[in-house]
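What follows is each chain in one-letter form.
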Amino acid sequence: MIDRHRTNGAQSTAAFFLVILIIVALITHWIDVTRDVVTIWGILQLLRLYPGRIPDLDLMFECGDKPVITKHDFRANGGPTPPPVFHYCGDESSYDIVFPDWSFWGWPELNIKPWEELKEDLKEGNRRIKWEERQPYAYWKGNIFLGAARHDLVRCNASDGEDWQARIFKTDWYQEKRQGFNNANLASQCNYRYKIYVEGVSWSVSEKYILACDSMSLIIKPRYYDFFSRSLLPSIHYWPVNEHDKCRSIKFAVEWGNNYTKKAQEIGRAGSKFIQENLEMEHVYDYMFHVLTEYAKLLKYKPTVPKEAVEVCPETSICSVKGSRKRFRIHSMVKSPSDSLPCNLPPAYEPAALRDFLEKKENLTKQVRLWEESRKFRK
Ligand SMILES: *[C@@H]1O[C@H](CO)[C@@H](O)[C@H](O)[C@H]1NC(C)=O
Ligand SMILES: *[C@@H]1O[C@H](CO)[C@@H](O)[C@H](O)[C@H]1NC(C)=O
Ligand SMILES: *[C@@H]1O[C@H](CO)[C@@H](O)[C@H](O)[C@H]1NC(C)=O
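The chain is annotated in an unreviewed UniProt entry as Glycosyl transferase CAP10 domain-containing protein of Buddleja alternifolia.

Written out as structure tokens, the structure is:
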């Protein structure tokens, strides 16, 4: 159970404190124009979709890149009970409660449309260029200065003497910004048969865009997870790349895919299908609904609105902004309450079933590593 003292314990780490009663009230000390504001916009839409169904609650939310409630500092180390903090990602060594990130409601600075709209663009893009006609290489484009794994990935670019079958491009932020990020048009980035996913500082919002391309995703083993990625299965939804031997592993994947084109297409399509079906906005809202409802059940106190809180409402959130920010808000607005109830919360995994699932994932990855090994010996 969560007492008031425990929630307040997160005050120094979290970016904002949110109270949902009939109104949404907010106390913030984060100064990003997108993450916190758009996350709250998303929660307001949830309230519009399921009016009267979200229980009273207050919560702490962190908007930075990395998880903040490290196990090391808390119970796992005989320390205090961790405060509940909502955040966009987690990892093995943290207790952050994962929540959908802001990009589902659009990222105006990067000209990334709200997910509902972008998802359709990606579908359309997939129809435009058939898998066989796509470039038979592994593609990645992004900011190479975020995180060691990306820095390392640059070595796999074809221009480095040996052709690792990877085509790596860095985003030129200065130039893209001047052109309004038109080059970052995500649907037009589906013209390679293989698409690489690599983490930046932590999880990257790009994972869903990469997976939705119908191309086989080559996922460099990530450390962080968001709210959906742990369900993805290696060699079913994506190809697992060995994080310790990236270039060789990518080259093998591309050659394998170009030899077994049917199988590679199958994996690419399964990844897209997973994203297109599981990440319907309706399901994203249902996830939010359940995680907030279950959390609220644990509160031992009755939330109240603190004096210093400001009320946020959808109307002012639209009127106070201009340009693509306004357009994205209007597009991602829930127009009317849902005429059906949220889905039922599936039962929690039995410990044995969870162990099995994790073991299956590990086995599938091991199989790919074995294929890579046997190839090494043949050479
Ligand atoms: C990778 O190689 C291509 C083709 O030679 C080049 O255009 C591109 O700039 C290189 N990428 C990086 C990150 O250096
Ligand atoms: C792909 O096929 C070529 C030609 O048959 C073969 O030399 C190579 O080992 C194969 N690679 C993989 C990864 O299957
Ligand atoms: C994983 O592989 C091991 C060894 O081959 C096998 O005994 C086990 O049943 C597999 N587990 C799953 C869940 O597939």
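Draft legend 1. The arrangement of the domain arrangement of the chain in detail. Taken domain by domain, the chain comprises domain 1 (4-102 + 305-335) and domain 2 (112-280 + 353-374). A straight line from the C-alpha centre of domain 1 to that of domain 2 covers 29 Å. Of the roughly 1400 Å² buried between domain 1 and domain 2, counting both surfaces, carbon and sulfur atoms make up 63%. Our count for the domain 1 to domain 2 interface comes out at one salt bridge. Its salt-bridge partner being arginine 223, residue aspartate 91 comes within 2.7 Å of it at the nearest N-O pair.

Draft legend 2. The pattern of salt bridges, seen in detail. If you walk through the whole model with that rule in mind, you get 17 salt bridges. Between aspartate 65 and arginine 35 there is a salt bridge, with the nearest N and O atoms lying 3.0 Å from each other. Here aspartate 65 is found in the loop between β3 (57-61) and β4 (85-87), whereas its partner arginine 35 is found in helix α2 (residues 35-49), with 30 residues between them in sequence. Looking at aspartate 65, the relative accessible area reads 30%, which means it is partly exposed. By relative accessible area, arginine 35 is classed as buried at 14%.

Draft legend 3. Broad picture of the sheet that holds strand β7 (residues 166-170). The strand order across the open sheet built from five strands is β7-β6-β8-β9-β10, with neighbouring strands paired in parallel fashion. Of all the strands in the sheet, just β7 and β10 (239-241) have a single pairing partner and so form its edges. Averaged over all pairs of adjacent strands, the angle between their axes in this sheet comes to 30°, without regard to strand direction. By the bridge criterion, five bridges tie strand β6 (residues 135-142) to β7 in an arrangement that is parallel. Residue tryptophan 140 lies in a different strand from β7, and its bridge partner there is isoleucine 168. Lying over the sheet, helix α8 (residues 261-278) contacts β8 (192-197), β9 (216-220) and β10, oriented at roughly 70° with respect to β9.

Draft legend 4. Structural detail: the state of the cysteines. Tallied over the entire structure, the rule returns two disulfides. Sulfur-sulfur distance for the disulfide between cysteine 156 and cysteine 247 comes to 2.2 Å. Judged by the sign of its S-S torsion, about -80°, the bond between cysteine 156 and cysteine 247 is left-handed. Of this pair, cysteine 156 sits in the loop between α4 (148-153) and β7 while cysteine 247 sits in helix α7 (residues 246-259); the two residues are 91 residues apart in sequence, bridging distant segments of the chain.

Draft legend 5. Spotlight on the pairing of strand β1 (residues 16-20). Burial of β1 is extensive: five of the five residues sit out of reach of the surface. Neither face of β1 is left uncovered, since the one carrying Phe16, Leu18 and Ile20 and the one carrying Phe17 and Val19 both have all their residues buried. Pairing between β1 and β3: five bridges, direction antiparallel. Opposite isoleucine 20, over in β3, you have leucine 57 as the bridge partner.

Draft legend 6. Representation of the nonpolar core. If you look at the biggest cluster of nonpolar residues, it comprises 66 residues, and the most contacted ones within it are Leu57, Trp115 and Leu292. Going through the elements one at a time, β1, α2, β3, α3 (115-128), α6 (207-211), α8 and α9 (281-297) are the ones with two or more residues in this core. Of all the elements, α9 adds the most residues to this core, at nine residues. Among the domains, domain 1 (4-102 + 305-335) and domain 2 (112-280 + 353-374) are the pair contributing at least three residues each to this core. Those residues in contact with leucine 292, other than ones at most four positions away along the chain, are Ile20, Leu46, Leu57, Leu59, Phe86 and Phe99.

Draft legend 7. How the structure looks around the site of ligand 2. Near ligand 2 you find Phe252, Trp256, Asn259, Tyr260 and Arg375, and these make up its full shell. The protein chains hide 51% of the 360 Å² of surface that ligand 2 would expose on its own. With three residues, the single largest contributor to the shell around ligand 2 is α7.

Draft legend 8. Summary view of α8. The end-to-end C-alpha distance of α8 is 25 Å, a good match for the 26 Å that 18 residues give at a rise of 1.5 Å each. Along α8, the residues that are buried comprise Ala264, Gln265, Ile267, Gly268, Gly271, Ser272, Phe274, Ile275 and Gln276. On the buried face of α8, the contacting elements are α3, β8, α6, β9, β10 and α7.

Draft legend 9. Looking closely at the packing of α2 against α9. The geometry of α2 relative to α9 is characterised by a closest axis approach of 10 Å and an angle of 90° between their N-to-C directions. Comparing their axes, α9 and α2 come out roughly perpendicular. Contact residues: α2 offers Gly42, Ile43, Gln45, Leu46 and Leu49, while α9 offers Tyr285, Met288, Phe289 and Leu292. Across the contact of α2 with α9, the residue classes tally to seven nonpolar, two polar and no charged.

Here is what the cut-offs are and how they apply
- Counting restarts for each chain: residues are numbered from 1 in the order of the written sequence.
- Written order decides the labels, with chains lettered from A and ligands numbered from 1.
- Whole-chain, interface and lining totals are the exception, using all residues; otherwise, since this is a predicted model, local features are given only for residues with pLDDT of at least 70 and side-chain atom pairs are given and counted only at 80 or more.
- The side-chain quantities take in all heavy atoms of the structure and omit both hydrogens and water.
- Throughout the structure description, domain borders are defined by an automatic or database domain assignment.
- For any pair of parts, buried area is found by adding up, for both, the accessible area (1.4 Å probe) each one loses once the two are put together.
- Only one rule defines a salt bridge in this text: a Lys or Arg side-chain nitrogen within 4 Å of an Asp or Glu carboxyl oxygen.
- Under the scheme used here, helices are H or I runs from DSSP no shorter than 4 residues and strands are E runs no shorter than 2 residues, and both carry numbers assigned from the N terminus.
- Summary of the burial criterion: residues with accessible area below 20% of their type's maximum are buried, those above 50% are exposed, and those between are partly exposed, where the area comes from a 1.4 Å probe applied to protein chains only.
- Two strands form a pair only when DSSP identifies at least two bridges running between them.
- Working convention: axes come from line fits to C-alpha atoms, limited for helices to the stretch in contact. Angles between N-to-C directions cover 0 to 180 degrees.
- We call two residues in contact when some of their heavy atoms are within 4.5 Å.
- Any cysteine sulfur atom paired with another within 2.5 Å is treated as part of a disulfide.
- In plain words, nonpolar cores are sets of buried Ala, Val, Leu, Ile, Met, Phe, Trp, Tyr and Cys residues tied together by side-chain atoms within 4.5 Å.
- Nearness is defined per residue: one heavy atom within 4 Å of the molecule or strand is enough.
- Accessible areas in this description were obtained via Shrake-Rupley with a 1.4 Å probe; residue shielding takes into account the shown protein chains only.
- Any helix carries an expected span of 1.5 Å times its number of residues minus one.
- The cut-offs work like this: below 35 degrees is roughly parallel, past 145 is roughly antiparallel, 65 to 115 is roughly perpendicular, and the gaps in between are oblique.
- Residue classes follow a fixed rule: Ala, Val, Leu, Ile, Met, Phe, Trp, Tyr, Cys and Pro count as nonpolar, while Asp, Glu, Lys and Arg count as charged, and any other residue, Gly among them, counts as polar.

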